[in-house]
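Single-letter residue listing:
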There are 2 protein chains.
Amino acid sequence: MWLTIDLRSETAIYLQIRDQVIQGILLNELKIGESLPSVRQLAADLGINMHTVSKAYNLLKQEGFIQIHRQKGAIVNAPNSYQASEEYYEQLKKAVKPLIIESSCRGISKGYFYKICEQIYRNIGLLEKGG
Amino acid sequence: MWLTIDLRSETAIYLQIRDQVIQGILLNELKIGESLPSVRQLAADLGINMHTVSKAYNLLKQEGFIQIHRQKGAIVNAPNSYQASEEYYEQLKKAVKPLIIESSCRGISKGYFYKICEQIYRNIGLLEKGG
DNA sequence: ATAACTGTTATATATTATATATAACAGTTA
DNA sequence: TAACTGTTATATATAATATATAACAGTTAT
């Protein structure tokens, strides 16, 4: 299973699932039209409650990443369904800003911040399959 | 007062205070050795509870940004007290990574992501005084 | 000395978010 | 008919956040 969770993490379980599904889509581990495990199946695999998985799936649906069919289950959407919107740009800015402010305050230069980002991008690139 | 809070924000009040104090330090609105308002004073100004302010101050103390003296109040530390540590680098990476992953998944290129960061850095630079 | 101010501690309460536990429902598929 | 979907409902537990009072111990100004 490509999905793992950390029960001791400060990040809520349903958000960990959400983030990893998004990562799976980016890395092409989850392809367009592909089905995610059923809420019961994934919950059993991870040893958590069904409703926690359901919460993650519904969030992903609300954000456009997947569709949920009553019978077919959760299916990965095409990229146009979750293309960055103006609203998302603002949300992203609001999320990045305090990180830049604190890191700057702690003496991390712009160049070094970008270096850290480069590491992350490189790390994603290495994981990415079939470009 | 240079500090404002948004009660409807998803960000906890005590974290909003923390973030703005850090921003104040970065922008030199708060100088080394300068005192922050007392917990009671700031709470009254913001129309919130004393303990919420106290929680923010204690977090800032724990992170090295300020010192708290029983009588003198909360005093801004010198930069060496909150210089980025190896632990902080890891924390920063962990915070930035999901943002890069989601934005990439939503079709935002590395170049555009940096453009957004540039906007933020420029915005900070414009606000910065006597840098 | 007294009053006014510090941060701290303690106790109690309320709300919200997160997570779990069961159970049942309605529809599909084998 | 049996086994599987997501969904809905109800109930409970825990933790985080925020507030409300009250008191304590030490400093500072009057």
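Draft legend 1. Structural view of the interface of chain B and chain A. Contacts between the two partners involve 42 residues from chain B and, on the opposite side, 42 residues from chain A. Interface area for chain B against chain A, summed over the two sides, is near 4,300 Å², with a carbon-plus-sulfur share of 69%. Sorting the residues of chain B by area buried against chain A places Cys105(B), Arg106(B) and Tyr121(B) first, and these three jointly supply 18% of that buried surface. Along the contact surface separating chain B from chain A lie four salt bridges. A salt bridge links Glu118(B) to Lys110(A); its shortest N-O distance comes to 3.2 Å.

Draft legend 2. Local environment of the pairing of strand β2 (residues 73–76) of chain B. Residues and elements named next belong to chain B. Where strand β1 (residues 66–69) lies against β2, four bridges are found, and the strand directions are antiparallel. In the sheet register, histidine 69 faces β2, and the bridge partner there is glycine 73. Between β1 and the antiparallel strand that follows it, β2, lie three residues.

Draft legend 3. Highlighting the domain arrangement of chain A. Domain boundaries in chain A define domain 1 (13–81) and domain 2 (86–123). One C-alpha centre belongs to domain 1 of chain A, the other to domain 2 of chain A, and the line joining them spans 27 Å.

Draft legend 4. Structural detail: the environment of Ile32(B). All names here are of chain B. Residue position: isoleucine 32 is located in the loop between α1 (13–26) and α2 (39–46). Each C-alpha atom of the pair isoleucine 32 and valine 76 lies 5.1 Å from the other, and the pair is 44 residues apart in sequence. Those residues in contact with isoleucine 32, other than ones at most four positions away along the chain, are Val76, Asn77, Ala78 and Pro79.

Draft legend 5. A look at helix α5 (residues 110–127) of chain A. Residues and elements named next belong to chain A. Helix length check: α5 (18 residues) gives 26 Å between terminal C-alpha atoms against 26 Å at 1.5 Å per residue, within 8%. Within α5, the full set of buried residues consists of Phe113, Tyr114, Ile116, Cys117, Ile120, Tyr121 and Ile124. In a view along the axis of α5, the buried residues occupy a sector of 155°, so they form one face of it. Relative to its buried face, α5 has exposed residues pointing more than 90 degrees away, namely Lys115 and Leu126.

Draft legend 6. Molecular detail of the packing of aromatic side chains. Summed over the entire model, instances satisfying the criterion amount to 11 aromatic pairs over all chains. Relative to Tyr89(B), the ring of Tyr112(A) lies with its centre 5.4 Å away and its plane at 45°, an arrangement referred to as tilted. With one member in each of two chains, Tyr112(A) in helix α5 and Tyr89(B) in helix α4 (residues 86–105) form a pair that bridges those chains. Relative accessible area serves as the criterion here: at 35%, Tyr112(A) is assigned to the partly exposed category.

Cut-offs and rules
For every chain, the first residue of its written sequence is number 1, and the numbers climb from 1 along that sequence. Both sets of labels track the order of writing: A upward for chains, 1 upward for ligands. In keeping with the model being predicted, local features are shown solely for residues with a pLDDT of at least 70 and side-chain atom pairs are shown and tallied solely at 80 or more, while totals for entire chains, interfaces and linings include all residues. Water and hydrogen atoms were dropped before computing side-chain values, which therefore reflect all heavy atoms in the structure. It only takes one pair of heavy atoms within 4.5 Å for two residues to be counted as in contact. Summed over both partners, the accessible area lost on bringing two parts together, with a 1.4 Å probe, is the buried area. Here a salt bridge means any side-chain nitrogen of Lys or Arg lying within 4 Å of a carboxyl oxygen belonging to Asp or Glu. Pairing between two strands is assigned when DSSP locates at least 2 bridges connecting them. Here a helix means four or more residues in a row that DSSP labels H or I, a strand means two or more in a row labelled E, and each is numbered from the N terminus. Domain start and stop positions are those given by an automatic or database domain assignment. In a helix, the anticipated span is given by 1.5 Å times the number of residues less one. Note on classification: 1.4 Å probe, protein chains only; a residue is buried when its accessible area is under 20% of the maximum for its type, exposed when over 50%, partly exposed between these limits. What the arc measures is the spread of directions leading from the helix axis to the C-beta atoms. Working definition: a ring pair exists when centres of Phe, Tyr or Trp rings (six-membered ring for Trp) sit within 6.5 Å. Plane angles under 30 degrees give stacked, over 60 give edge-to-face, the rest tilted.

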